[in-house]
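Each chain, letter by letter, is given below.
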Amino acid sequence: MTAEDIAVALATHLPDARLRAAQRLKGGVSAEVFRLDLAMADGVERSIVLRAMGKSGLESAQEYALLSALHAAGLPIPRPICVDDSRRHIDAPYLLMDFVDGASEIPPDLAEVRLEMMADALMSIHRLPTASLPPLPLRLDPWPELPGFLPQAAEWQTLRDYFAKPGPGPFAGAPVLLHGDFWPQNLIWRDARIVAMLDWEDAALGDPLSDLACALLELKYLFDDARVDRFYAAYRRHASVDPLRLAQWQIYVASAAQHYMGAWGLEPSREAHMRQTALRQIREAAAVLGVGGFSRLGSGSV
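The residue numbering used here restarts from 1 in each chain and proceeds along that chain's sequence as written. Whole-chain, interface and lining totals are the exception, using all residues; otherwise, since this is a predicted model, local features are given only for residues with pLDDT of at least 70 and side-chain atom pairs are given and counted only at 80 or more. For side-chain calculations, the full set of non-hydrogen atoms in the structure is used, while hydrogens and water are omitted.

### Here's the deal with the packing of aromatic side chains
Two rings belonging to Phe, Tyr or Trp (six-membered ring only in the last case) form a pair when the distance between their centres is within 6.5 Å. Interplanar angles under 30 degrees mark stacking, angles over 60 mark edge-to-face geometry, and anything in between is tilted. Inspection of every chain in the model, using the stated rule, returns 6 aromatic pairs. Relative to Y162, the ring of W143 lies with its centre 5.7 Å away and its plane at 45 degrees, an arrangement referred to as tilted. With W143 in the loop between strand 6 (138-139) and helix 4 (157-164) and Y162 in helix 4, this pair connects stretches of sequence that are 19 residues apart. Taken together, a centroid distance of 5.4 Å and an interplanar angle of 80 degrees make the contact between W249 and Y252 edge-to-face. Helix and strand definitions follow DSSP, with helices as H or I runs of at least four residues and strands as E runs of at least two, each counted in order from the N terminus.

Below, the structure written as structure tokens:
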């Protein structure tokens with residue numbers, strides 16, 4: 001995306017704004033994200049975010065409607081300004097939203113308390129009433145897609161056999177709002193509180209344990225087991241967790257991660273660490289399910 005593209009987008013949606021500076025922000029693999037510092041015609045300076053969306057996840061209008069509903073419901077969501085999926089001046093759908101200043105990193109000395117606050121925040125998402133939300137995909141059952149993601153090496157054959165059988169069926173409870181990618185990089189902290197929850201493109205309605213499994217894996221990439229266990233314990237103070245259903249979702253999210261992460265553009269050492277962590281989660285969750293040949297410890301191969 002060029003400076004000219006950004007200027008045309010601003011002229012279209014914020015004609016009273018003058019672009020002072022544009023900065024590419026760190027993000028995932030699915031979107032280009034820019035901080036735009038603006039001078040408004042009335043002399044006020046403000047910063048917004050332009051997020052050019054990728055091909056996966058929610059449709060742009062769908063995500064904009066979700067962000068608007070979540071902002072109105074009082075979740076810490078940056079105020080959405082507009083959505084444009086015309087592709088007239090930027091070759092991708094994009095969102096404009098308020099910029100929220102803060103930091104995503106969790107300092108080691110604050111990890112325990114902030115991980116507990118993260119668990120509280122995840123539960124606030126799962127408890128949000130869904131009646132006013134736009135239509136979202138359903139995420140109720142890991143079983144149908146899971147065999148396509150499982151590792152292919154011979155040592156994983158017993159696990160592939162396990163998931164080749166009929167599963168227990170989809171989540172039977174009332175579907176809850178799912179973030180879909182709940183991890184520290186998608187949270188903004190300021191003054192010891194979460195002031196923004198970002199990147200809702202993988203949102204859905206469904207089984208809350210799918211969100212919990214994703215969060216646990218993301219935290220395992222970053223923290224030791226004791227700190228991850230603290231997050232898990234904090235979540236379980238709010239809701240009971242079926243360990244067998246959680247294990248199924250843990251295998252699903254870890255298998256999907258190791259299946260796709262080669263396309264994420266990671267540094268080789270980072271990818272190796274994440275891949276081994278994902279495989280360890282598959283192995284440990286398989287042990288919870290009682291699948292033969294797996295234990296709580298070990299690495300495994302693809």
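### Some remarks on unusual backbone geometry
Look at R87: it is not a glycine, yet its phi comes out positive at around 60 degrees. Inspection of the secondary structure assignment puts R87 in the loop between strand 4 (80-84) and strand 5 (94-98). The residue D199 is not glycine, and still its phi comes out positive at about 55 degrees. Mapped onto the elements of the fold, D199 is located in the loop between strand 9 (193-197) and strand 10 (204-206).

### Some thoughts on the environment of A65
Here A65 lies in helix 2 (residues 60-73). With relative accessibility at 31%, the residue A65 sits in the partly exposed group. Expressed as a C-alpha distance, the spacing of A65 and P243, which sit 178 residues apart in the sequence, is 34 Å. Only protein chains enter the accessibility calculation, which uses a 1.4 Å probe; a residue whose area is less than 20% of its type maximum is buried, one above 50% is exposed, and one in between is partly exposed.

### Details of the pairing of strand 8 (residues 187-190)
Two faces, one strand: in a regular strand the side chains alternate between the faces of the sheet. In terms of strand pairing, strand 8 meets strand 9 through 4 bridges, oriented antiparallel. Bridge pairing in strand 9 places L187 opposite M197. Between strand 8 and strand 9, which follow one another and run antiparallel, lie 2 residues, and D191 among them has a positive phi close to 55 degrees. Strand pairing is assigned whenever DSSP detects at least two bridges linking the two strands.

### Observations concerning the sheet that holds strand 6
Taking strand neighbours across the sheet as the criterion, the 3 strands line up as 6-10-7 in an open arrangement whose pairing is mixed. In the strand order of this sheet, the two ends are held by strand 6 and strand 7 (176-178), each with one partner. The sheet contacts of helix 5 (residues 208-222) involve strand 6, strand 7 and strand 10, and relative to strand 7 the element is tilted by about 25 degrees. Residue contacts follow a heavy-atom distance rule, with two residues in contact if any of their heavy atoms lie within 4.5 Å. A fitted line through C-alpha atoms represents every axis, and for helices the fit uses only the stretch in contact; the resulting angles, taken between N-to-C directions, go from 0 to 180 degrees.

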